[in-house]
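Each chain is listed here by its residues.
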Amino acid sequence: MVKKVMKKNETISILLCILLVVVLTIKSDIFWDPRNLHSLQVSFVPTAMIAFGMMFQLICGYFDMSVGSIMLLCAIVAGKFTQMGLPVPVVILLALLVGALMGCLNGFLVAFVGINALIATLGVQYIGYGAAMLLWSKVRTLQAFDDSYIILGDGEFGGLYIMTWVLLVLVIVFSIFLKYTSNGKKLYFVGGNKEASKLMGFNEKRIVFLAYAATGLLTAMAAVFRSAYIHKPTQYMGEGIHMTCFIACVIGGGSFAGGKGSIIGALFGVIFMSLLTNMFNLLTMSPELQNVVVGLILVAVVTMDGYLNIKKLREQGKI
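Here's what I pulled together on the structure shown here. (Residues numbered from 1 in each chain as written. Predicted model: local features only at pLDDT ≥ 70, side-chain atom pairs only at ≥ 80, totals over all residues. Heavy atoms only, no water.)

1. Description of the overall build of the protein
For the protein, the helix and strand inventory stands at 14 helices and two strands. For the protein, the C-alpha radius of gyration of 20 Å lies close to 20 Å, the compact-globule estimate for 319 residues. For the C-alpha atoms alone, the extent of the protein along its principal axes is close to 60 × 50 × 35 Å. Buried residues in the protein amount to 46% of all 319 residues. Summarising the internal contacts of the protein: among those between residues at least 6 apart in sequence, 79% fall at separations of at least 24. Considering the protein, the positive charge centre built from 23 side chains and the negative charge centre built from 14 side chains are found 12 Å apart. (Helix = DSSP H or I, 4+ residues; strand = E, 2+ residues; numbered from the N terminus. Rg over C-alpha atoms; globule rule 2.2 N^0.38 Å. Buried < 20%, exposed > 50% of the residue type's maximum accessible area, 1.4 Å probe, protein only. Contact = heavy atoms within 4.5 Å. Lys, Arg positive; Asp, Glu negative; His and termini not counted. Charge placed at Lys NZ, Arg CZ, Asp CG, Glu CD.)

Below, the structure is given as structure tokens:
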């Protein structure tokens, strides 16, 4: 039974979260303080939305380095449209549209043009960052979004933020999508065995394209919620979030080789990264030590992923 449980993609991330909660409960008197728990919500919810999209990509055998700049661009675009006096629903829809279009650009370059995912998404990262900085000089004077926009970040219901309730809905919908729908299962086929997926008539390019488009849309959604919480866009939004999401997804059971991963795994991977940052802050650990720890975790998860992939190929007799 233990072996069966450990084979679950999300098991390691859940166990790591439990471990950190125990450590923080023992070491910190304010971990369970409502203000700290609210801070944790704000920390992991937008990141988890992006991680869901990245998990879709990892299941297909791809990844995305541009989510940070897309998040920044969408937040600044929302600020620009607010300055123009557009209604809040229109501002949100246009911000989501920008994110979806950036995701479609990634998908087009990777799936249809055939550019390596690293090169393509790095290129889009520079495009997004450059466009954001061109707009930033005009948006930086914005004092705050409209109240009806800000409520998306500050609003609460039943002790949870509105964004947290939206995240829970996404968890349910995406989990059902991956596990019980034919389109969700196609992601695993494309990532796990491209040759077999082609023989079965799956349109691999379309599936990969849609995975990138979904990631762009989810990144824009995260940008809306996070910018609403801090009441305005900032030029540092999204910085380093691609690495956080990547580590979280791999810890949660995703793989470079594709073919595996789950939404629950991505969620608990992000929660682990947020708990880790929370531990650094509550225990007043130095930023330099934080960088060392995160770097070691990155090396560890990539090494373990590579080892498991090689082991799998050997069992299949491919190497």
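That shown, we press on.
2. Notes on the pattern of salt bridges
Tallied over the entire structure, the rule returns one salt bridge. For the salt bridge of Asp33 with Arg35, the shortest nitrogen-to-oxygen distance reads 3.2 Å. Asp33 gets classed as partly exposed once you look at its relative accessible area, which sits at 23%. A relative accessible area of 67% means that Arg35 is categorised as exposed. (Salt bridge = Lys/Arg side-chain N within 4 Å of Asp/Glu carboxyl O.)

3. Overview of the packing of aromatic side chains
Per the stated rule, a full pass over the model turns up 13 aromatic pairs. Between the aromatic rings of Phe52 and Phe174, the centroid separation amounts to 6.2 Å while the plane-to-plane angle is 85°, which identifies the pairing as edge-to-face. Pair noted here: Phe52 is in helix α3 (residues 34-60) and Phe174 is in helix α8 (residues 162-180), with a separation of 122 residues, a long-range link. With respect to burial, Phe52 and Phe174 carry one shared label: buried. Relative to Tyr212, the ring of Tyr62 lies with its centre 6.5 Å away and its plane at 65°, an arrangement referred to as edge-to-face. Of the two residues, Tyr62 is situated in the loop between α3 and α4 (67-83) and Tyr212 in helix α11 (residues 204-229); the sequence distance between them amounts to 150 residues. Judged by its relative accessible area of 19%, Tyr62 is buried. (Phe/Tyr/Trp six-rings, centres within 6.5 Å; stacked < 30°, edge-to-face > 60°.)

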